[in-house]
Amino acid sequence: MQALSSIGRFAPSPTGPLHFGSLVSALASFLDARQRKGKWLVRMEDIDPPREVAGASDQILKQLDSHGLSWDGPVLYQSTRLDSYRAALETLVKSGLVYHCQCNRRRIVSLDGIYDGQCRDLKLPKDGQAARLRVDSSNIYFRDQITGDARQNLHKEVGDFVLQRRDELYSYQLAVVIDDEYQGITHIMRGSDLHDSTARQIYLQRCLGYGQPEYAHLPLALNTDGQKLSKQNLAASLVEGNEASNLWAALDWLQQSPPKELQQQSIDRILQWGIDNWSLNILAQNPKDMLAPEGY
């Protein structure tokens, strides 16, 4: 797919409504794309049914819309893309880069999460087994636009990683790489909890002959217990009717220094100020995780 000069994206999982932490990620990626005069896409990562909440996809889209975060083109639902994931996996299998693994979660935990390659040469059948990508011993380097230079040795720090689980659900790593390529994504802005996934995704991009997007990993908004705001940690949904206040609070949390009087302006005015004044350099000067504002 031919990429434009800039295409960003927001890719939530439909496990519940948007909270302050997810608004921060959505707003930052939106402002960055709009300042670059590029496209901003929304992708629903709905390929893990046991974790999904009925109606959450529609609720998330309504919340984005009510905050003025308008996306370009149709929403991409990963649940419609299973054939593409299957085809990519088959390509990797045929090239000898993927093998099947019978190790269970308990064994992986006992290895501190770093897979030791026990099943690499067993030539196990496909049925009922996970599919793992072979990694080599090279270092993966990338430049994060917020946190700076990064290096990871997948062989030592991760091991061969899963592309399809034993229950036949496709992994986040596989789906996100294929869909970023399919949508022509050039700039990925997301939470720093996903920083550790980046080297795996770059390695997989190279295995598939894909290009590499630019990456920027945002600080995390934390609750008073020091935990990442998340649906799992019972983060509160954004309150309907408080959209202007939510946007101002997110801009302030992102260290963009919005003027106080902007809180009384319309959503469109707040977003336009955000686009005009968006600065990644400010975030890069202090990329530490921070408490969410009181009330969120």
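Residues numbered from 1 in each chain as written. Predicted model: local features only at pLDDT ≥ 70, side-chain atom pairs only at ≥ 80, totals over all residues. Heavy atoms only, no water.

Asks: So what's going on with the overall build of the chain? Residues and values would help.
Replies: For the chain, the helix and strand inventory stands at 10 helices and 12 strands. Compactness check: the chain gives a C-alpha radius of gyration of 20 Å against a globular reference of 19 Å for 296 residues, within 12% of the reference. Considered along the principal axes of its C-alpha atoms, the chain spans approximately 65 × 35 × 35 Å. In the chain, the proportion of contacts linking residues at least 24 apart, taken out of those at least 6 apart, comes to 75%. Carbon and sulfur atoms make up 47% of the accessible area of the chain, which amounts to about 14500 Å² in all. (Helix = DSSP H or I, 4+ residues; strand = E, 2+ residues; numbered from the N terminus. Rg over C-alpha atoms; globule rule 2.2 N^0.38 Å. Contact = heavy atoms within 4.5 Å. Areas by Shrake-Rupley, 256 points an atom, 1.4 Å probe, with all protein chains shown as cover.)

Asks: Account for the sheet that holds strand S2 (residues 39–44), with residues named and values stated.
Replies: Strand pairs in the sheet, formed through backbone hydrogen bonds, run parallel or antiparallel to each other. One open sheet holds the 3 strands; their spatial order is S1-S2-S3, and the pairing between them is parallel. In this open sheet, the two edge strands, each paired with only one partner strand, are strand S1 (7–10) and strand S3 (76–77). Of the strand pairs in this sheet, S2 and S3 are connected by 2 bridges, and their pairing is parallel. Within S3, the residue paired with Arg43 across the bridge is Leu76. Across the sheet, helix H1 (residues 20–35) is in contact with S1 and S2; its angle to S2 comes to roughly 150 degrees. (Pairing = 2+ DSSP bridges. Axes fitted to C-alpha atoms, helices over the stretch in contact; angles between N-to-C directions.)

Asks: Could you give me a rundown of the pattern of salt bridges, with the residues and numbers involved?
Replies: Within this structure, the stated rule accounts for 14 salt bridges. Put simply, Glu45 and Arg43 hold a salt bridge, and the shortest N to O gap is 3.7 Å. According to the relative accessible area criterion, Glu45 is buried, its value standing at 10%. The class for Arg43 is buried, based on a relative accessible area of 0%. For the salt bridge of Asp179 with Arg81, the shortest nitrogen-to-oxygen distance reads 2.7 Å. With Asp179 in helix H6 (residues 172–182) and Arg81 in the loop between S3 and helix H3 (82–94), this pair connects stretches of sequence that are 98 residues apart. Across the pair, exposure class does not vary: Asp179 and Arg81 are buried alike. What you see here is one network of salt bridges that share partners, running through Arg9, Arg43, Glu45 and Asp180. (Salt bridge = Lys/Arg side-chain N within 4 Å of Asp/Glu carboxyl O. Buried < 20%, exposed > 50% of the residue type's maximum accessible area, 1.4 Å probe, protein only.)

Asks: Could you give me a rundown of the packing of H6 against helix H7 (residues 198–208), with the residues and numbers involved?
Replies: For the pair H6 and H7, the least separation of the axes is 10 Å and the interaxial angle reads 60 degrees. Judged by the inter-axis angle, H6 sits oblique to H7. Crossing hand, H6 versus H7: right-handed. Side by side, H6 and H7 meet where Tyr172, Gln173, Leu174, Val176, Val177 and Ile178 of the first sit next to Arg200, Gln201, Leu204, Gln205 and Leu208 of the second. (Parallel < 35°, antiparallel > 145°, perpendicular 65-115°, else oblique. Left-handed = near helix turned anticlockwise from the far one by under 90°.)

Asks: Go over the sheet that holds strand S5 (residues 130–133) with me, naming the residues and quoting the values.
Replies: If you trace the 3 strands from one edge of the open sheet to the other, you get S4-S5-S8, paired in antiparallel fashion. At either end of the open sheet lies a strand with only one pairing partner, and these are strand S4 (98–101) and strand S8 (161–164). Going from strand to strand, the sheet's axes swing by 45 degrees on average, the running direction of each strand aside. Pairing of S4 with S5, which is carried by 4 bridges, proceeds in the antiparallel orientation. Following the sheet pairing, Tyr99 is matched in S5 by Arg132.

Asks: Pulling in residues and values, what's your account of helix H9 (residues 267–277)?
Replies: Within H9 the residues assigned to the buried category are Ile270, Leu271, Trp273, Gly274 and Ile275. Of the surrounding secondary structure, the elements contacted by the buried residues of H9 are H1 and helix H8 (243–253).

Asks: Describe the state of the cysteines, naming the residues involved and giving the relevant values.
Replies: Applying the stated criterion across every chain, the model contains 0 disulfides. Not part of a disulfide, Cys119 finds its nearest cysteine sulfur in Cys103, a span of 3.7 Å. (Disulfide = S-S within 2.5 Å.)

Asks: Lay out the packing of aromatic side chains with the relevant residues and their values.
Replies: One pass over the structure, following the stated rule, counts 6 aromatic pairs. Taking the centre distance of 6.4 Å and the plane angle of 15 degrees together, the rings of Phe10 and Trp40 count as stacked. Placement of Phe10 in strand S1 and of Trp40 in strand S2 is noted, with a sequence separation of 30 residues between them. When sorted by exposure, Phe10 lands in the same class as Trp40, which is buried. Seen in terms of ring centroids, Phe30 and Trp40 are 5.2 Å apart; in terms of plane orientation they differ by 90 degrees. Their pairing is edge-to-face. With Phe30 in helix H1 and Trp40 in strand S2, this residue pair connects regions lying 10 residues apart in the sequence. (Phe/Tyr/Trp six-rings, centres within 6.5 Å; stacked < 30°, edge-to-face > 60°.)

Asks: Residue-level account of unusual backbone geometry, with values.
Replies: Positive phi outside glycine occurs at Glu168, with the angle close to 75 degrees. Counting through the fold element by element, Glu168 comes out in the loop between S8 and H6. The class for Glu168 is exposed, based on a relative accessible area of 56%.

Asks: Before we move on, can you summarise the nonpolar core with the specific residues and values?
Replies: Ranked by size, the top nonpolar core spans 44 residues in total, and within it Phe20, Leu27, Trp40, Leu64, Leu69, Leu254 and Trp278 carry the most contacts. Top contributing element to this core by residue count: H1, with 9 residues. Residues within four places of Phe20 in sequence aside, it is in contact with Ala221, Leu229, Ala236, Leu238, Asn246, Ala249, Ala250, Trp253, Ala292, Pro293 and Tyr296. Val98, Ile178, Ala199 and Ile202 belong to the second-largest nonpolar core, a separate cluster that totals 32 residues. (Core = buried A, V, L, I, M, F, W, Y, C linked by side-chain atoms within 4.5 Å.)

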